[in-house]
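A structural walkthrough
Residue strings, one per chain:
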Amino acid sequence: MKPSPSNPWWATTSRDEIHFRQDALLRRFLTHRVVPFTKYYGELFRNHGIEAGDIRGTDDLKHLPFTSKRHLENPRDFVIIPDEQVLRKQWSTLRMAITHGPTAAKSALEEELRPILLTSTTGRSAAPVPFLYTKHDIGRLETGGRRMMELCQSDPSWRHINAFPFAPHLAFWLAHHAGTGFTTFMLSTGGGKAMGTEGNLKAITKIDPDAIIAMPTFFYHLLQQATEEKLRWTNLKRIVLGGEKVPAGMRRKLRALCEAVGSPGVSIMSTYGFTEAKMAWTECLPPEGAEPSGFHVYPDMTYLEIIDPATGERVADGEPGEIVCTPLDARGTVVLRYRTGDLVEGGITYEPCPHCGRTCPRLLGKISRVSDIRRLNIGKLKGTLVDFNALENLLDDTEGLGAWQIEMRKRNDDPLETDHVLVHAVAANGCDVETLRSRIAHRFSDSVEFTPNEIHFHTWDEMRRLQGVGKELKEQKVVDHRPAP
Ligand SMILES: [Zn+2]
């Protein structure tokens, strides 16, 4: 295994040493930056009678309350904003001033601490929360992005396409900085909203890329259109997906479509990240025919705990639970012990990766939202709780089903009536419409104990319009058209 040239320890050290190094990073981070300079954590520590130095390492984090989305009402309170008086007296500042002079010390502090970039959350319901980045954080994006490229075994001489939507979102900017960090060619198309489907198809055809980084649903539409137009993309070797989860069925469909445009044997990798971590992690390239071995996390940047979502207690390695995130060296906006609301089926492991041998922690198995349970009034079943995670997964894994959308309506659009669940579908791979209709109905009744009120079939074009491909930042796969009561 080739360690990363920039910082070899993240992928090669033993678990004990990772633990030791993370403790040191965390102590330094809390004492010098987070507790003295963020309003929220300064107060939190004071209110709980904890000194920054009381947290000796990651095991002591359990003494600190979790931070959740609902705490982020005043995003500014989570930004590291230095008090110059305090900063000037810190040994690291003094040492810099003594060895490099006051001007150099000032500009080093500006690079470390002045926010220069913003990304924000995209929540379906909640207001977006801004997360600030300093130049120090941009450096983290470049390092993390370069590691992604290494894990995917990309090559700097390759041509890359970044088809994430151009927006103040982590996915677009991390992909962009992965390109600069890896010193490779990357064209950022800005996704459907910036260049349209046709614009993306033209750009990809012209560049003839080796690797494409995109959201699965959008890329699926691109490939579908490319096959219809009989375009040839014969150079593709890697597809790296982000922004949405990627069920096994989606991987299968994408691989088949890549083959149809002239690139058989493409490796499809999925990534996992979120705004609050200001980072994302990828799977490594599995050997031919092997299953992916989980998301490789950088232990020098982030500490992840897996907890029981009901009790908040940490679970053992390899046990399922909710992902909780603490950065170890971020600047700008920071959140400690952030509860993601994401459930990881196989938990976390520190065993060396069976594919690449790296010893960094890995998140194993499917990741889904802890709860996307919605209450529906279906026929006589008043107030039925329906797990939409399960619904989305079962549709993605249905053979012969291309793209889909779940729509909720009220019967006759009357707010007092029962709820209607519609499935919009595109048949694929020559699947017969009636076969597909009964397959969808059966899978629904097996999994959620009701069947959709209606199943409508569409052409690809109609589905692109329904999902808002090229109009919305994220394709609309679940839409709620129930009028407010
Ligand atoms: Zn690996």
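Refer to the structure presented above.
Residues numbered from 1 in each chain as written. Predicted model: local features only at pLDDT ≥ 70, side-chain atom pairs only at ≥ 80, totals over all residues. Heavy atoms only, no water.

1. Here we look at the pattern of salt bridges
Counted by the stated rule, this structure contains 32 salt bridges. The closest approach of N and O atoms between E110 and K106, which form a salt bridge, is 3.3 Å. Here E110 pairs with K106, and both are found in helix α6 (residues 102-113), just 4 residues apart, close to one helical turn. The partly exposed category is assigned to E110, whose relative accessible area is 29%. You can call K106 exposed: its relative accessible area is 54%. Taking the shortest distance from any N to any O, the salt bridge between E305 and R314 comes out at 2.7 Å. Here the salt bridges do not stand alone but share partners, grouping D59, E305, R314 and R337 into one network. (Salt bridge = Lys/Arg side-chain N within 4 Å of Asp/Glu carboxyl O. Helix = DSSP H or I, 4+ residues; strand = E, 2+ residues; numbered from the N terminus. Buried < 20%, exposed > 50% of the residue type's maximum accessible area, 1.4 Å probe, protein only.)

2. Some thoughts on the coordination of the zinc ion
Ideal geometry at a metal centre: 109.5 degrees between donors when four sit tetrahedrally, and 90 or 180 degrees when six sit octahedrally. Only C284 (SG), H296 (NE2), C353 (SG) and C356 (SG) from the protein coordinate the zinc ion, and they sit 2.1 to 2.4 Å from it. Its 4 donor atoms give the zinc ion angles of 102 to 118° at the centre, a pattern that matches the tetrahedral case. Spacing between the donor residues of the zinc ion along their common chain follows C-x11-H-x56-C-x2-C. Highlighted residues: C284 in the loop between β8 (279-282) and β9 (295-296) and H296 in strand β9, separated in sequence by 12 residues. (Donors = N, O, S within 2.8 Å, 3.2 Å for Na, K, Ca; no water. Tetrahedral: all angles 85-135°; square planar, octahedral: opposite > 155°, others 65-115°.)

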